[in-house]
Amino acid sequence: MTHYSRISPEDFEGYARSEFWFPIPIDLIQYQAYFRPGDTILEVGCGWGRLWNHIVQTHKYVGLDIHEPYLEYFRETLLRGRINANIVNMSILDYSERTFDVILFPWTVIGDLSENDQRRALERCHDLLATYWTILLDNPAKETPYSESPWYAPTKFYYEDWTNEFPKLGFGFHERIQYETLTKKVREITVLKKNAI
Ligand SMILES: C[S@@+](CC[C@H](N)C(=O)[O-])C[C@H]1O[C@@H](n2cnc3c(N)ncnc32)[C@H](O)[C@@H]1O
């Protein structure tokens, strides 16, 4: 059982609205700066589809998640029988279908993996990434507390703790950008590319 069994899609969406809505989610505005026309986007941990209906209006999209109740809610409330939507119940650790231009780990998704699995996920994503493009990992910045729910025990991921590792994992370019949520929490986006261009 994952800890997400303790929070319904409806409750999670309510929390997301207070943190990110603008009416376009403000985290998505940061990610869109890295999308080019025609890019194919992979969202790891797509949940109940918070970002999907914005991204599919402009880009090709695949969403992965491992918590079936969120995917069910996604299918019922957003997809409404749209059977060709690319939503897959699978862990990023097992996915190898195709390559992508941008791979997105929004809202602390990478924190759901152990440190060893975070490394495996980055290795897997390196292989899934088209030649030049980008991985975006969105997490609380160091000065921002993580959620303190008793059932939530993330593996915290900070850009500065990984900077020596990124070249060893094959990323020739890395940087960090920061932004504030609607509740003034500072988040950092770790940007990784195979090559600097
Ligand atoms: C905080 S939610 C974010 C949901 C959505 N991306 C958003 O920003 O609103 C994290 C999601 O990551 C999913 N997740 C956790 N580990 C995963 C893995 N190894 N592969 C794919 N999804 C995963 C969880 O099931 C959960 O739905």
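Before any of the text, the structure's been laid out above.
Now for a description of the structure that goes with this document.

### Remarks on the packing of aromatic side chains
Within a pair of aromatic rings, the relevant descriptors are the distance that separates the centres and the angle that separates the planes. Under the criterion given, the structure shown has 16 aromatic pairs. Look at phenylalanine 20 and tryptophan 107: their rings are 5.2 Å apart centre to centre, the planes differ by 85°, and that puts the pair in the edge-to-face class. Placement of phenylalanine 20 in helix H1 (residues 9–20) and of tryptophan 107 in the loop between strand S4 (100–105) and helix H5 (115–128) is noted, with a sequence separation of 87 residues between them. Relative accessible area serves as the criterion here: at 0%, phenylalanine 20 is assigned to the buried category. Members of the aromatic cluster, connected to one another through ring pairs, are Tyr4, Phe12, Tyr15, Phe20, Trp48, Tyr70 and Trp107. Sitting over the ring of tryptophan 21, arginine 17 keeps its end group 4.4 Å from the ring centre.

### Brief notes about the site of the ligand
If you check the shell around the ligand, you find 21 residues, and the closest are Glu43, Gly45, Arg50, Asp65 and Ser91. For the ligand, a nitrogen atom lies 2.5 Å from a polar atom in the backbone of glycine 45. Contact distances for the ligand include 3.1 Å between a nitrogen atom and a backbone N or O atom of isoleucine 92. Protein burial of the ligand: of its 600 Å² of free accessible surface, 97% is covered by the chains. Classifying every residue of the shell around the ligand by side-chain character gives 13 nonpolar, 4 polar and 4 charged.

### Focus on the side chain of arginine 50
Along the polypeptide, arginine 50 turns up in the loop between strand S1 (40–44) and helix H3 (52–55). Using a relative accessible area of 8% as the deciding quantity, one classes arginine 50 as buried. A polar contact is formed between the side chain of arginine 50 and the side chain of aspartate 27, at a distance of 2.6 Å. When near neighbours in sequence (up to four residues on either side) are disregarded, arginine 50 contacts Ala16, Phe20, Trp21, Pro25, Asp27 and Trp107.

### As for the sheet that holds S1
Strand order in this open sheet of 7 strands is S3-S2-S1-S4-S5-S7-S6, and the pairing throughout is mixed. For this open sheet the edge positions go to strand S3 (87–89) and strand S6 (173–180), each flanked by a neighbour on one side alone. The mean inter-strand angle of the sheet, taken between neighbouring strand axes irrespective of direction, is 20°. In this sheet, strand S5 (residues 129–140) lies alongside S4 in parallel orientation, the contact comprising 5 bridges. Among the inter-strand pairings, isoleucine 103 is bridged to a residue of S5, identified as isoleucine 135.

### Remarks on the packing of H1 against helix H4 (residues 68–79)
Close contact between H1 and H4 brings their axes to 10 Å; oriented N to C, the two are set at 80°. Accordingly, the angle class assigned to the pair H1 and H4 is roughly perpendicular. Contacts between H1 and H4 involve Pro9, Glu10, Phe12 and Glu13 on the former and, on the latter, Pro69, Tyr70 and Tyr73. Class assignment of the residues belonging to the contact of H1 with H4 gives a composition of 5 nonpolar, no polar and 2 charged.

### Section: the nonpolar core
Nonpolar side chains in soluble globular proteins tend to be buried together. Within the largest apolar cluster, 31 residues are counted, with the highest numbers of intra-cluster contacts made by Tyr31, Phe35, Ile55, Ile87 and Leu136. No other element matches H4, which puts 5 residues into this core. Setting aside residues no more than four positions away along its own chain, tyrosine 31 makes contact with Leu51, Leu104, Pro106, Trp107, Leu136, Asp138, Tyr179 and Ile189. Counting residues in hydrophobic clusters, the runner-up holds 27 residues, among them Val62, Tyr95, Leu128 and Phe157.

### A word on the pattern of salt bridges
Under the definition given, this model contains 15 salt bridges. Among the salt bridges present, the one from glutamate 13 reaches arginine 17, with a minimum N-O distance of 3.4 Å. A residue pair is termed a helical-turn pair when its members lie 3 or 4 positions apart in one helix, as glutamate 13 and arginine 17 do in helix H1 at 4 residues. In this structure, arginine 36 and aspartate 101 form a salt bridge, with 3.8 Å as the shortest nitrogen-oxygen distance. Of the two residues, arginine 36 sits in the loop between helix H2 (26–32) and S1 while aspartate 101 sits in strand S4, which places them 65 residues apart along the sequence.

Rules used in this analysis
- Residues numbered from 1 in each chain as written.
- Predicted model: local features only at pLDDT ≥ 70, side-chain atom pairs only at ≥ 80, totals over all residues.
- Heavy atoms only, no water.
- Phe/Tyr/Trp six-rings, centres within 6.5 Å; stacked < 30°, edge-to-face > 60°.
- Helix = DSSP H or I, 4+ residues; strand = E, 2+ residues; numbered from the N terminus.
- Buried < 20%, exposed > 50% of the residue type's maximum accessible area, 1.4 Å probe, protein only.
- Lys NZ or Arg CZ within 6 Å of the ring centre and 35° of its normal.
- Near = heavy atom within 4 Å.
- Polar contact = N/O pair within 3.5 Å; in protein donor to acceptor, adjacent residues only side chain to side chain.
- Areas by Shrake-Rupley, 256 points an atom, 1.4 Å probe, with all protein chains shown as cover.
- Nonpolar A, V, L, I, M, F, W, Y, C, P; charged D, E, K, R; others polar.
- Contact = heavy atoms within 4.5 Å.
- Pairing = 2+ DSSP bridges.
- Axes fitted to C-alpha atoms, helices over the stretch in contact; angles between N-to-C directions.
- Parallel < 35°, antiparallel > 145°, perpendicular 65-115°, else oblique.
- Core = buried A, V, L, I, M, F, W, Y, C linked by side-chain atoms within 4.5 Å.
- Salt bridge = Lys/Arg side-chain N within 4 Å of Asp/Glu carboxyl O.

Everything listed here is a matter of geometry and, on its own, says nothing about what the molecule does.
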